[in-house]
Amino acid sequence: NRVSIPLQAMDRNGDPNRLSVNVNVAVGLQCDDDKVKNSMAKKAYEKLSKHLTTISDDSGSDLSDMIRHDTSDEMDYFAVQSPESGSAIQVAVRLRPFLKAEHLEDSVIEMSGNTVRVVNAENENYNRLEFGFDSCLNSSDRDLFDFAAQDHVYQEMGRPLLERALEGYNVCLFAYGQTGSGKSFTMTGTDTNAGVIPRFVRELFKRFLTLVDIVFTVEVSYCEIYNEKIYDLLSDDKVKDKKTLRIREHPQSGPYVEHLSQHLAENVTEVMDLLQKGTKRRATASTAMNDTSSRSHSIFTIVLSQLRSHTEMGLDVSFSCGSRINLIDLAGSERVGIAGTSGDRLKEGSLINKSLLNLGKVIKKLADLGSHRHKVAHIPYRDSQLTYLLKDSLGGNSRTSMIATISPAKCHLEETLSTLRYAATARSIVNYVHINE
Ligand code: ADP
């Protein structure tokens, strides 16, 4: 007999979250008696809860402890409560080296431990500024082609997200910073010095090879948000015929881009080909239109599905889980409201600001909610395409990280400070807040 035990993950308020596990237990017994069947199911559940311990949160408490058997309902219903301790968005700051074209001057940024300090600024007040982050990544004293720097960034910021994704959580990584500060270098990297995304993908497939009893699929999509319009970067349409896509909201799985092409990938090469294809398309469209890529957000998404199965004491146990991995290269954060801009450029500027500003607003609101977990608040997710699409990745049950990229140059100090302030606010978001729109 096959007994189906759907495990519904819930947050602390009883709202379903995105981590849902379906368990099908084949009971090695021919039986019509519900009582016997139920007692077998209970036994199977006890066995299963042992396996669920692989999904645990940072505080070390096992999910199995949080599973309660709901006796008020049918026998085959269990609820899993999400871990109590939510972690904030992990925020790292990455300082790029001086570029060849830049005057080699003294850096205005100093990093020690996890603290960023402003030094050598003409404005004395700035020299007193200090910001703390989860991680400070300093490449300025390294060789420009130092592979260790890229690997270090991956180990600090990419790898923990990979672990989470493998556990069934949705994860999200943003690169935020002014144009030229190293967002693309960090996320994609170069042909000879891979960034976070290629390293993440390589490790993902490597990890799968070591896991037995797991069937997995990897599906890739890649889109761009420019001027509040969404485009498929993996579409076969000619760039000039590209279609605008819309965001729709699924009652369970949340917002998604309608008609965005999904591509099954079997190995690292296939994922990398898709990444390259989309990045190239983004650049082509951009060259045709005044370097738009620095003013657009690109979202590389990997949907990971895992089906685990094994036999335990004659029970055939399997469960599946899915996670969504969003890797986002945000538009340049520089202010576009330069005096004298008008027409399309101005419109474009204000729209970019709309998405980025709204991301800032959402981050700020979530940060303000902070410890008031049960406070009901309006979070303006829907006010821009970016935040609407990422609604479930901000403040929900997913794990979110941000790498804020900065330049060491004096001429960029104002922008650097604005990036540091933005990143510092993001860091104070506490997850697991209850949000009612
Ligand atoms: P953004 O995407 O923020 O506009 P890029 O990633 O294109 O910036 O970086 C601008 C330039 O600086 C590129 O030539 C890139 O190779 C270089 N660069 C950025 N960050 C680093 C770094 N950490 N180490 C070496 N070179 C870097």
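Chains are numbered independently. Their residues run from 1 in the order of the written sequence. In keeping with the predicted nature of the model, local features appear solely for residues at pLDDT of at least 70, side-chain atom pairs appear and are counted solely at 80 or more, and the whole-chain, interface and lining totals rest on all residues. Calculated side-chain values reflect all of the structure's heavy atoms, with hydrogen atoms and water omitted.

## Focus: the site of the ligand
No. 1: Neighbouring residues of the ligand: 14 residues in total, closest Gly180, Gly182, Lys183, Ser184 and Phe185.
No. 2: Each polar contact in these results corresponds to two N or O atoms within 3.5 Å; when the atoms are within protein, one needs to be able to donate a hydrogen and the other to accept it, and residues that are neighboring in sequence are counted only if both atoms are side-chain atoms. Gly180 is positioned with one of its backbone polar atoms (N or O) 2.7 Å from an oxygen atom of the ligand.
No. 3: A distance of 2.7 Å is found between an oxygen atom of the ligand and a backbone nitrogen or oxygen belonging to Phe185.
No. 4: Helix and strand definitions follow DSSP, with helices as H or I runs of at least four residues and strands as E runs of at least two, each counted in order from the N terminus. Ranked by the residues each element gives to the shell around the ligand, the list is headed by helix H3 (residues 183-187), at three residues.
No. 5: Polarity classes work like this: nonpolar for Ala, Val, Leu, Ile, Met, Phe, Trp, Tyr, Cys and Pro, charged for Asp, Glu, Lys and Arg, and polar for all others, with Gly in that last group. Looking at the shell around the ligand residue by residue, the class counts come to four nonpolar, seven polar and three charged. Whether a residue is near a molecule or strand depends on its heavy atoms: if one lies within 4 Å, it is near.

## Digging into the sheet that holds strand E6 (residues 109-112)
No. 1: Here we have three strands laid out as an open sheet, ordered E6-E7-E8, and antiparallel in their pairing. Two strands bound the open sheet, and with one partner strand each, they are E6 and strand E8 (130-132). When strand polarity is set aside, the average angle formed by the axes of neighbouring strands in this sheet is 20 degrees.
No. 2: As paired strands, strand E7 (residues 115-118) and E8 are joined by three bridges and run antiparallel to one another. Counted as the bridge partner of Val116 is Phe131 from E8.
No. 3: Sheet strands in contact with helix H8 (residues 413-427) are E6, E7 and E8, and its direction is about 35 degrees off that of E8. At least two bridges found by DSSP between two strands is the condition for calling them paired. Throughout, an axis means a line fitted to C-alpha atoms (over the contacting stretch in the case of helices), and angles, computed between N-to-C directions, take values from 0 to 180 degrees. Here a residue-residue contact requires only that any non-hydrogen atoms of the pair lie within 4.5 Å.

## Thoughts on the nonpolar core
No. 1: Here the nonpolar core consists of buried residues drawn from Ala, Val, Leu, Ile, Met, Phe, Trp, Tyr and Cys, with membership extended through side-chain atoms lying within 4.5 Å. Only protein chains enter the accessibility calculation, which uses a 1.4 Å probe. A residue is then buried if its area is under 20% of the maximum for its type, exposed if over 50%, and partly exposed in between. Judged by nonpolar contacts, the single largest core of 50 residues is most densely connected at Ile109, Val116, Phe174, Leu359, Leu394 and Met402.
No. 2: Setting aside anything within four residues of it in sequence, one finds Ile109 in contact with Leu95, Val116, Arg117, Val118, Val119, Ile406, Ser407, Pro408, Thr416 and Leu420.
No. 3: Listed in part, the 36 residues of the second largest apolar core include Val196, Leu274, Phe300 and Ile403.

## Some thoughts on unusual backbone geometry
No. 1: Despite not being glycine, Glu228 has its phi angle at roughly 65 degrees, a positive value.
No. 2: The residue Glu228 is located in the loop between strand E11 (214-226) and strand E12 (229-232) in this model.
No. 3: Of note in this structure, His259 is not a glycine but carries a positive phi near 65 degrees.
No. 4: Residue position: His259 is located in the loop between strand E14 (254-257) and strand E15 (263-265).

## Section: the pattern of salt bridges
No. 1: A pair is scored as a salt bridge if a Lys or Arg side-chain nitrogen falls within 4 Å of a carboxyl oxygen belonging to Asp or Glu. With the rule as written, the count across this model stands at 18 salt bridges.
No. 2: The salt bridge involving Glu130 is made with Arg117; its shortest N-O contact spans 3.0 Å. With Glu130 in strand E8 and Arg117 in strand E7, this pair connects stretches of sequence that are 13 residues apart.
No. 3: Here Arg117 falls in the partly exposed class, since its relative accessible area comes to 25%.
No. 4: Put simply, Arg159, Glu163, Glu203 and Arg207 are held in one network by salt bridges that share partners.

## Brief notes about the side chain of Lys391
No. 1: Within the element layout of this structure, Lys391 appears in the loop between helix H7 (385-389) and strand E18 (399-406).
No. 2: A distance of 2.7 Å separates a polar atom in the side chain of Lys391 from a polar atom in the side chain of Glu249.

## Some remarks on the confidence of the model for the chain
Low-pLDDT stretches of the model should not have their predicted coordinates read in fine detail.
No. 1: On average, residues of the chain carry a pLDDT of 75, and 67% of them reach 70 or more.
No. 2: Within a predicted model, pLDDT stands for the predictor's per-residue confidence, ranging from 0 to 100. Note on residues 51-87: pLDDT is under 50 here. Beyond four places in sequence and across chains, it has 79 contacts.
No. 3: Counting interchain partners and residues more than four positions distant, the pLDDT-below-50 stretch residues 431-437 has 38 contacts.

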